[in-house]
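These are the residues of each chain, in order.
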Amino acid sequence: MALVFVSYQAGAADNRNLAVSRTSNVASEQRIALVIGNGAYKTAPLRNPPNDARLMARTLRDLGFEVIERIDADQKTMRRAIVEFAARLQQLGGDGVGLVFYAGHGVQSGGRNYLIPTGVQIGSEPELRIEAVSASELLEAMEGTRTRLNFIFLDACRDNPYTRSFRSAASGLARIDAPRGTLISYATRPGDVAADGSGENSPYSKALATAMKTPGLPVTELFIRVRNEVIEATGDKQMPWEEGGLTSQFYFSGRVEEVRAPVDTAASRQRVEEEEAARRAQEAARLELEKQRRYEALLSEGDASLAASDKKTALAKYDAALLLVPGSPDLAARIEQARMLAGAGDTFSDPLKDGSAGPEMVILPAGSYQMGDVEGTADAYAEASLPVHEVTFKKPFAIGKYEITFDDFDKFTRATKRPTLSDHGWGRGRRPATKIVWSDAMAYVRWLTEQTGKRYRIPTEAEWEYAARAGTRTRYWWGNEPSHEYANYGDGMPGWFPSGVVSGRDQWMNTAPVGQFPANPYGLYDMQGNVWEWVSDCWHENYSGAPNDGTAFGDNDCANRVMRGGSWGYNPDFMRAQTRIKVFWGVLSFLYYGVRVVRDVD
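So, here is what we can say about the structure in this document.

What the chain contains, in helices and strands, is 12 helices and 22 strands. Classification of the 602 residues of the chain by burial places 52% in the buried group. Excluding contacts between residues fewer than 6 apart, the proportion of contacts in the chain whose partners are at least 24 apart in sequence is 73%.

Turning our eyes to something else, we now look at empty space enclosed by the protein. Considering all chains together, one arrives at four cavities of 30 Å³ or more under this definition. When its volume is computed, the largest cavity comes out at roughly 70 Å³. Lining of the largest cavity is provided by M371, H389, V391, E461, A462, D537, Y543, A546, P547, T551 and F553. Elements represented by at least two residues in the lining of the largest cavity include exactly β15 (389-393) and α12 (461-469). Here the lining of the largest cavity is composed, by residue class, of seven nonpolar, two polar and two charged. Looking at the second largest cavity, its volume works out to about 60 Å³.

With that settled, the discussion passes to helix α1 (residues 48-62). Over its 15 residues, α1 runs 21 Å from end to end, which matches the ideal 21 Å to within 8%, given 1.5 Å per residue. Taken together, the buried positions of α1 are N48, P49, P50, D52, A53, L55, M56, A57, T59 and L60. On the buried face of α1, the contacting elements are β2 (31-37), β3 (66-71), β4 (97-103), β8 (149-155) and α5 (203-212). Just downstream of α1, G64 is the residue with a positive phi angle, here 90°.

Let us now look at the state of the cysteines. Taken as a whole and assessed by the stated rule, the structure comprises one disulfide. The disulfide partner of C538 is C558, and the S-S distance across this bridge is 2.1 Å. Disulfide C538 to C558: torsion about the S-S bond roughly -90°, handedness left-handed. One end of the pair, C538, is in strand β18 (residues 532-538); the other, C558, is in the loop between β18 and β19 (560-564), and 20 residues separate them in sequence. A relative accessible area of 5% places C538 in the buried class.

Below, the discussion takes up the environment of Y466. Within the secondary structure, Y466 is located in helix α12. Owing to a relative accessible area of 5%, Y466 belongs among the buried residues under this scheme. Among residues more than four places away in sequence, those in contact with Y466 are L364, P365, A366, G367, Y369, F393, F397 and Y522.

Looking now at the sheet that holds strand β21 (residues 593-594). Pairing between the strands of a sheet comes from backbone hydrogen bonds, and it takes one of two forms, parallel or antiparallel. Pairing is mixed in the open sheet, where four strands are placed in the order β20-β19-β18-β21. With one partner strand each, in any of the chains shown, β20 (580-584) and β21 form the two edges of the open sheet.

It is worth spelling out the packing of aromatic side chains at this point. Enumeration according to the criterion identifies 31 aromatic pairs in this entry. Arranged with centres 5.8 Å apart and planes meeting at 85°, the rings of W532 and Y570 form a pair that is edge-to-face. Here W532, found in strand β18, pairs with Y570, found in the loop between β19 and β20; they are 38 residues apart in sequence, far enough to count as distant. The residues W532 and Y570 share a single accessibility class, namely buried. The structure contains a cluster of three or more aromatic residues connected by ring pairs, namely W438, W532, W534, Y570, F574, Y592 and Y593.

With that settled, the discussion passes to the pattern of salt bridges. Overall, the coordinates contain 22 salt bridges when judged by the stated rule. E242 is paired through a salt bridge with R227; the nearest N and O atoms lie 2.2 Å apart. One end of the pair, E242, is in strand β10 (residues 241-244); the other, R227, is in helix α6 (residues 219-233), and 15 residues separate them in sequence. By relative accessible area, R227 is classed as buried at 12%.

Parameters and conventions
- Residues numbered from 1 in each chain as written.
- Predicted model: local features only at pLDDT ≥ 70, side-chain atom pairs only at ≥ 80, totals over all residues.
- Heavy atoms only, no water.
- Helix = DSSP H or I, 4+ residues; strand = E, 2+ residues; numbered from the N terminus.
- Buried < 20%, exposed > 50% of the residue type's maximum accessible area, 1.4 Å probe, protein only.
- Contact = heavy atoms within 4.5 Å.
- 1 Å grid on protein atoms, 1.4 Å probe; cavity = no way out; pocket = protein on both sides within 12 Å on 5 of 7 lines; lining within 4 Å.
- Points joined across faces, edges and corners; volume = space filled by probe spheres on them.
- Nonpolar A, V, L, I, M, F, W, Y, C, P; charged D, E, K, R; others polar.
- Expected span 1.5 Å × (residues − 1).
- Disulfide = S-S within 2.5 Å.
- Pairing = 2+ DSSP bridges.
- Phe/Tyr/Trp six-rings, centres within 6.5 Å; stacked < 30°, edge-to-face > 60°.
- Salt bridge = Lys/Arg side-chain N within 4 Å of Asp/Glu carboxyl O.

In structure tokens:
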């Protein structure tokens, strides 16, 4: 074995004058290595893994290892090599050392790591578990043997196409709990992607082989040296990582020996101990500085991703930073924010029972906003929007990307054998369904819930205004002035027949097909203008006593309800974000009444 023992015999007269020096004597203990390099994949071939495996096999043989070497191994070859390796480990004595080096594609799924043989086609996670070789098989091969130390080196964190269709796909490899006496070294941090390298070898394999051949280099210092060389070679984009715990020191090349020299033993020993303490302190300080710099870089990258609405990348960066500085309250707040936003802005359509798609939905983030006349309009229409109050949504929710169209509503009427709504000669398809009474709106969301197994409902006033404002505090999401470039509206007044206007982008005297105007910052269309939209609240003359958690103001049994958003025939004052009108739900059904739906997010 390659352990080094420095012996001080202070009480023996013939050993009092000893100095310590390093030599390059090769260790004599039994060493067995399994080396696999896979690159000849049908999908996403890799150039360097076979080169890396050959380099490592040569290096280990020079260092006294018996090497089982396999290049471009298929599944059967890999498993037979593991069986042969395990059998040889069983024959080693208690001071033996086992080592596995793998270079090639690796995938994590469900928190487990899989090594990809050549000659396989993997299109799903069940196929992965059948076709690939689990990294746990390597650990199982080492368990129960008499080897004192075991090493696993995984240069298998390269990005690849195998995970694209996996539901639990994640980049890089997952952390592995290593048993006592076993150390697992990754080419980069768990969850990150390593470089294949532009030369003959990957940055990790090249640095690892060089460090192994350095005489007298303890394995603990070897990993520090490899880490620093890879960080420098990749421009701080890749940092090797280790898991597990060795219970004794190890040297791949050379050992510390006793050399006689006429020196004072006590002084020499003190000097060596002081130098070693200083070196450890310096190395600890350097590692702490490196960790802090990496931590700050991850925070900065996460903040930039969050600002760019890339919530998933932000969360990955923050989680990586958490590994470096567990328990940071500043980091915990960032992670909570990213998790609240995770999925926000994503769109989806739940399938209906006939296989067609339900309404297209957009996920809105959890958060808070000021509801009501925040613009200080203070006119007759704004009185019902006071007092201004803060509303907080603790969970994300999904809302219709568009108003419910005839395409959407006609599926419901056909399925329930209800009368088909008239399109008034304006056209069906992608135009918003109009003249929807409250009872039909409620029946429609109940039908969607039954069709999809997900809870659909009419939005509350608070949800509607939160969606319409989309983070803004102006009368309209684009500013304080109405514009036919952003919405379809008219010049009608209450109690009058609606009167459409054609101007600029607005080329419709009545309803416009959905999605003809720019989307607001949340990716929602026609929140202001086109058709009035039902909300689920009962009518109240103002917001005194209104809830602040986003729920509806009032129960389901009320004579007067609320509509929001204005319409194609009403003047622009009615489509302000804060404007609300009272509707007698049991009777009225007008040409400009439509609906948009909400779905709870699991």
